[in-house]
Amino acid sequence: MNKPLSESISAQLGRRRSLSRSLGLPSLATMSPAYFGMVMATGIVSLAAHLFDMADLARHLFRLNIGLYGLIWLATIARAICYPRLFFGDMVDHLQGAGFFTAVAASGILGTQFLLLNDSVHIAWLLWMVAVVLWVGLSYVIFTALIIKTHKPTLKRGINGGWLLAVVAPQSIAGLSVLLATQMGQPYRLEMNFFALSMWLWGGMLYIWMVSLIFYRDTFFRFSPGDLVPPYWINMGAMAISALVGSLLIIHGPKSPFLASLLPFLKGFTVFYWAAGTWWIPTLVVLEIWRHVVRRFPVQYDALYWGAVFPLGMYAASTWQMDIAMGFGFFETIARVFFYVSL
């Protein structure tokens, strides 16, 4: 049965919830696969607080995030066992599938918290391995399924900013890899730094592919208030985390001859990522005003809103780290403003 092109993600989720209630299914059945975005958001705000020397706040959010990560994994596993058709159906759905990449990013960010806030290298390694295994499995399962599906949605209905979670996932692994490399001796440090660099560049290439389609969809098809779902902030967040990883590669470059030889390249791409992410912020703010003030679209809680918190916190952290990496000295105020907004 053909669905109208004007159908939005919000409407789709609303129907899923209504169907769940009508069939007497618990909310677990329609739980968003993107719920790990809560861990991503809490984690990056905690790490930003750590950068700004707010140690108590950083540690409280870190402890909270450990609990959130465990609870969401329990709920996810329970959903996969109790409602396998819904769970795996979401995995091969054009609008829902990318949400599974939040599990990868959440693992990478929590691993970074363990390393920086608790000095737990072994747990950080464990979460790094979880993130890598999830990324490999989800990447090839989801994208292969989307490619070979017989019935596919139109571009207008099948893509949004949430697809860029597939960019955030490898970038979160790259960031943790850079930090773990500092705990290693040669030649393994060289290999880990090469892996981090490769993931960083792959994430950037994937962003270029995806954002081109997203930008085309938004500018050449009718855009309704319901189409502007919170994951559109990932348009900016994917570039922010790319700039953060680039800054880490620059900061730790002097400790690795391989990275030191690439410093001009690293600096150029880091500014490129940061500038691209910055461009999106005024655009998204204006669109949010148009959505909620001009068109009076209602505001109600949705798990997808964590996809708006994460980019703001990530922009604060990446701006702060880039300021240090480049030696600019004039981005501190901007970073702090975005930190408090994300908090």
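A few points about helix 14 (residues 332-342)
Among the residues of helix 14, those classed as buried are A335, F338, F339 and S342. Buried positions in helix 14, seen along its axis, are confined to an arc of 105° and lie on one side of it. Away from the buried face of helix 14 by more than 90 degrees, exposed residues T333 and V341 are located. Packing partners of the buried residues in helix 14 comprise helix 2 (37-51), helix 3 (55-82), helix 12 (263-294) and helix 13 (306-326).

A look at the nonpolar core
Proteins that are soluble and globular tend to have nonpolar side chains buried together. Ranked by size, the top nonpolar core spans 107 residues in total, and within it F101, V104, M236 and F310 carry the most contacts. In this structure, F101 is in contact with W135, L138, S139, I142, F143, L165, A166 and A169, ignoring residues within four places of it in sequence.

Some thoughts on the layout of surface pockets
Of the pockets and cavities examined, the second largest pocket occupies roughly 410 Å³. Forming the walls of the second largest pocket are 19 residues, and the residues nearest its centre are F143, L146, W163, L206 and M210. Elements with a minimum of two residues in the lining of the second largest pocket: helix 6 (121-148), helix 7 (155-158) and helix 9 (188-220). Split by residue class, the lining of the second largest pocket holds 14 nonpolar, five polar and no charged.

A look at empty space enclosed by the protein
Counted under the stated rule, the structure contains five cavities of 30 Å³ or more. Taken together, A34, G37, M40, T102, L165, P231, I234, A303, L304, W306, G307 and F310 make up the lining of the second largest cavity. At the level of secondary structure, the elements contributing two or more residues to the lining of the second largest cavity comprise helix 2 and helix 13. Here the lining of the second largest cavity gets three residues from one element, more than from any other, and that element is helix 13. Residues belonging to the lining of the second largest cavity are distributed by class as follows: nine nonpolar, three polar and no charged.

A word on the packing of helix 3 against helix 4 (residues 84-91)
Axes are the key here: two packed helices are described by the angle between their axes and the distance separating the axes. It is the contact of helix 3 with helix 4, at a shortest axis distance of 5 Å, that shows an interaxial angle of 110°. Looking at the two axes, helix 3 sits roughly perpendicular to helix 4. Residues T76, R79, A80, I81 and C82 of helix 3 touch helix 4, and the partners they reach there are P84, L86, F87 and D90. Tallied by class, the residues present in the contact of helix 3 with helix 4 amount to six nonpolar, one polar and two charged.

Let's talk about the pattern of salt bridges
Within the structure shown, the criterion is met by three salt bridges. Its salt-bridge partner being R79, residue D90 comes within 2.7 Å of it at the nearest N-O pair. Linking D90 in helix 4 with R79 in helix 3, this pair joins segments that are eleven residues apart in sequence. With respect to class, D90 is no different from R79; both count as buried. One salt bridge connects R336 with E332, and the closest N-O pair in it is separated by 3.2 Å. Remark: E332 and R336 occur in helix 14; sequence separation between them is four residues, near one turn of the helix.

Quick notes on the packing of aromatic side chains
As enumerated under the stated definition, the model contains 34 aromatic pairs in all. Look at F265 and F269: their rings are 4.9 Å apart centre to centre, the planes differ by 40°, and that puts the pair in the tilted class. With F265 and F269 both in helix 12 and four residues apart, this pair spans about one turn of that helix. When the centroid spacing of 5.1 Å and the interplanar angle of 80° are considered together, the rings of W279 and W280 count as edge-to-face. Residue classification places W280 among the buried positions, given a relative accessible area of 7%.

With respect to the packing of helix 10 (residues 234-251) against helix 13
Interhelical geometry of helix 10 versus helix 13 gives an angle of 30° and a closest axis separation of 8 Å. One element, helix 10, and the other, helix 13, form an angle in the roughly parallel class. Judged by the twist between their axes, the crossing of helix 10 over helix 13 is left-handed. Its residues assigned to classes, the contact of helix 10 with helix 13 comprises 19 nonpolar, five polar and no charged.

Scoring rules and cut-offs
- All chains use their own residue numbering, which begins from 1 and follows the written sequence.
- Under the rules for a predicted model, residues below a pLDDT of 70 receive no local features and side-chain atom pairs below 80 are neither given nor counted, while totals for whole chains, interfaces and linings still include all residues.
- Water and hydrogen atoms were dropped before computing side-chain values, which therefore reflect all heavy atoms in the structure.
- Burial status follows relative accessibility: with a 1.4 Å probe on protein chains alone, a residue under 20% of its type maximum counts as buried, one over 50% as exposed, and anything between as partly exposed.
- Helix and strand definitions follow DSSP, with helices as H or I runs of at least four residues and strands as E runs of at least two, each counted in order from the N terminus.
- Picture the helix axis, draw a direction to every C-beta atom, and the arc is the one those directions span.
- The criterion used for residue contact is that any of the two residues' heavy atoms lie within 4.5 Å.
- Working definition of a nonpolar core: buried Ala, Val, Leu, Ile, Met, Phe, Trp, Tyr and Cys residues. They are joined through side-chain atoms within 4.5 Å.
- Within this scheme a cavity is a closed region of a 1 Å grid, computed over the protein atoms alone, that accommodates a 1.4 Å probe without allowing it to escape, whereas a pocket is open but has protein on both sides within 12 Å along at least five of seven lines; lining residues each have an atom within 4 Å of a point.
- Grid points are joined across faces, edges and corners, and a volume is the space filled by probe spheres set on the points.
- Three classes are used: nonpolar for Ala, Val, Leu, Ile, Met, Phe, Trp, Tyr, Cys and Pro, charged for Asp, Glu, Lys and Arg, and polar for all others, with Gly counted as polar.
- Between N-to-C directions, angles cover 0 to 180 degrees, with each direction set by a line fitted to C-alpha atoms, over the stretch in contact for helices.
- Should an angle lie under 35 degrees it is considered roughly parallel, over 145 roughly antiparallel, and from 65 to 115 roughly perpendicular; all remaining angles are considered oblique.
- By convention in these notes, a salt bridge is any Lys or Arg side-chain nitrogen within 4 Å of a carboxyl oxygen on Asp or Glu.
- The pairing test for Phe, Tyr and Trp rings, Trp by its six-membered ring, is centres within 6.5 Å, and the orientation test on the planes gives stacked under 30 degrees, edge-to-face over 60, and tilted for anything in between.
- Rotating anticlockwise by less than a right angle from the far helix to the near helix defines a left-handed crossing, while the corresponding clockwise rotation defines a right-handed one.

Keep in mind these numbers describe shape, not what the thing actually does.
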